[in-house]
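# Examining the three-dimensional arrangement
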Amino acid sequence: EVQLVESGGGLVQPGGSLRLSCAASGFAFSTYDMNWVRQAPGKGLEWLSAIHRSSDFTHHADSVKGRFTVSRDNARDSLYLQMNSLRDEDTAVYYCARGRDTNGWYDLWGQGTLVTVSS
Amino acid sequence: DIQMTQSPSTLSASVGDRVTITCRASQSISSWLAWYQQKPGKAPKVLIYKASSLERGVPSRFSGSGSGTEFTLTISSLQPEDFASYYCQQYNTYPRKFGQGTKVEIK
């Protein structure tokens, strides 16, 4: 089955760190650019990060630049998001998403993992 | 950065209605625009890419149009399963941006 499955979410204190993972299956992971998108409770979608299929480049939103780092391991068919210096406003459901056609639109999404930043 | 503005934020409609949602970009994005549908508690699902191309498996009642800075998503005859939130997204440049969303509610 073609799918993405996120893991690693949970409760973390402000200033803390968390590493999210996204496991891909059913498709040639190494041939797709990948992305992280989040959604705060009751809010809209926010694009966070993108990574090239061969890790040749990464991009991050200003809201997380310097705090979050996207990476991938094509041998393990996995995408990661290292989140440091977490803030209350980082509380959200985090989705990984597959980019189509040189990372244009997102045609495959995971089910999401909830990150709650609170003391 | 390119900003994306959707209107309306909320739309009340009845089954069978024709519904149109507008998305405006702060600068030209050619046709590099996608539309997504999201139901509560679920991940988004792509409906339209490249402004007007229908994603495989998406019902033909959904259509997209526009280029440059103004785009529309049209549902020709609203069905019960279409009550959801809809988002546009530009993929012309980084950072990628989504519109703030349009919630389609039952009238």
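Each chain carries its own residue numbering, running from 1 in the written order of its sequence. Numbering of ligands from 1 and lettering of chains from A proceed in the order in which they are written. In keeping with the predicted nature of the model, local features appear solely for residues at pLDDT of at least 70, side-chain atom pairs appear and are counted solely at 80 or more, and the whole-chain, interface and lining totals rest on all residues. Excluding hydrogens and water, the side-chain values take into account all heavy atoms of the structure.

### Re the overall build of chain A
As a reminder of what qualifies: Working definition: helices are DSSP H or I runs of at least four residues, strands are E runs of at least two. Numbering for both runs from the N terminus. We compute the radius of gyration from the C-alpha atoms alone; for a globule the expected value is 2.2 Å times N to the 0.38, where N is the number of residues. Using a 1.4 Å probe on the protein chains alone, a residue whose accessible area is under 20% of its type maximum counts as buried, one over 50% counts as exposed, and one in between counts as partly exposed. When checking whether two residues touch, look at their non-hydrogen atoms; a contact exists if any pair is within 4.5 Å. For accessible areas, the Shrake-Rupley method is used with a probe of radius 1.4 Å. Any residue's cover is judged against the shown protein chains and nothing else. Working convention for charge: Lys and Arg count positive, Asp and Glu count negative, and His plus the chain ends are omitted. Charged side chains are reduced to one point each, which is NZ for Lys, CZ for Arg, CG for Asp and CD for Glu.
Helices and strands together make up the secondary structure of chain A, namely 0 helices and 11 strands. The order of helices and strands in chain A, counted from the N terminus, is β-β-β-β-β-β-β-β-β-β-β. Computed over its C-alpha atoms, the radius of gyration of chain A comes to 13 Å, within 12% of the 14 Å expected for a compact globule of 119 residues. The principal-axis extent of the C-alpha atoms belonging to chain A is close to 40 × 30 × 25 Å. Per-residue burial for chain A yields a buried fraction of 49% across its 119 residues. Expressed as a percentage of contacts within chain A between residues at least 6 apart in sequence, the contacts between residues at least 24 apart total 54%. A total of about 5,200 Å² of accessible surface is found on chain A, and carbon and sulfur atoms cover 44% of it. Side-chain charges in chain A split into 11 positive and 13 negative, and the spacing between the mean points of these groups amounts to 2 Å.

### Let's talk about the sheet that holds strand β7 (residues 68-73) of chain A
All names here are of chain A. How we decide: One requirement defines pairing of two strands: DSSP has to find at least two bridges between them. In this analysis, axes come from line fits to C-alpha atoms, helices being fitted only over the stretch in contact, and the angle between any two N-to-C directions falls in the range 0 to 180 degrees.
Sheet architecture is open: 4 strands sit in the order β1-β3-β8-β7, paired in antiparallel fashion. Looking at which strands have only one partner, the edges of the open sheet turn out to be β1 (3-7) and β7. Geometrically, the sheet is characterised by an average inter-axis angle of 15 degrees between neighbouring strands, direction not taken into account.

### Description of the pairing of strand β1 (residues 4-7) of chain B
Looking along a regular strand, one sees the side chains alternate between the two faces of the sheet. All names here are of chain B. Judged by which residues are buried, β1 turns out to be one-sided: M4 and Q6 face inward and are buried, whereas T5 and S7, on the alternate face, are not. As judged from the 4 bridges shared by β1 and strand β3 (residues 19-25), these two strands associate in the antiparallel manner. Bridge pairing in β3 places S7 opposite T22.

### Some remarks on the nonpolar core
The line we're drawing: Side-chain atoms within 4.5 Å link the members of a nonpolar core, which is a set of buried Ala, Val, Leu, Ile, Met, Phe, Trp, Tyr and Cys residues.
If you look at the biggest cluster of nonpolar residues, it comprises 42 residues, and the most contacted ones within it are A:W36, A:L79, A:L81, A:M83, A:Y94 and B:F98. Not counting chain neighbours up to four residues away, the residues in contact with A:Y94 comprise A:E6, A:L20, A:V37, A:R38, A:L48, A:F68, A:L81, A:M83, A:G112, A:T113 and A:V115. Counting residues in each nonpolar core, the second largest holds 25 residues, with B:L11, B:L47, B:A84 and B:Y86 among its members.

### Re the pairing of β3(B)
All names here are of chain B. Extensive coverage of β3 is indicated by the burial of 5 of its 7 residues. Of the pairings in the sheet, the one linking β3 to strand β8 (residues 70-75) comprises 6 bridges and is antiparallel in character. Bridge pairing in β8 links T22 to T72.

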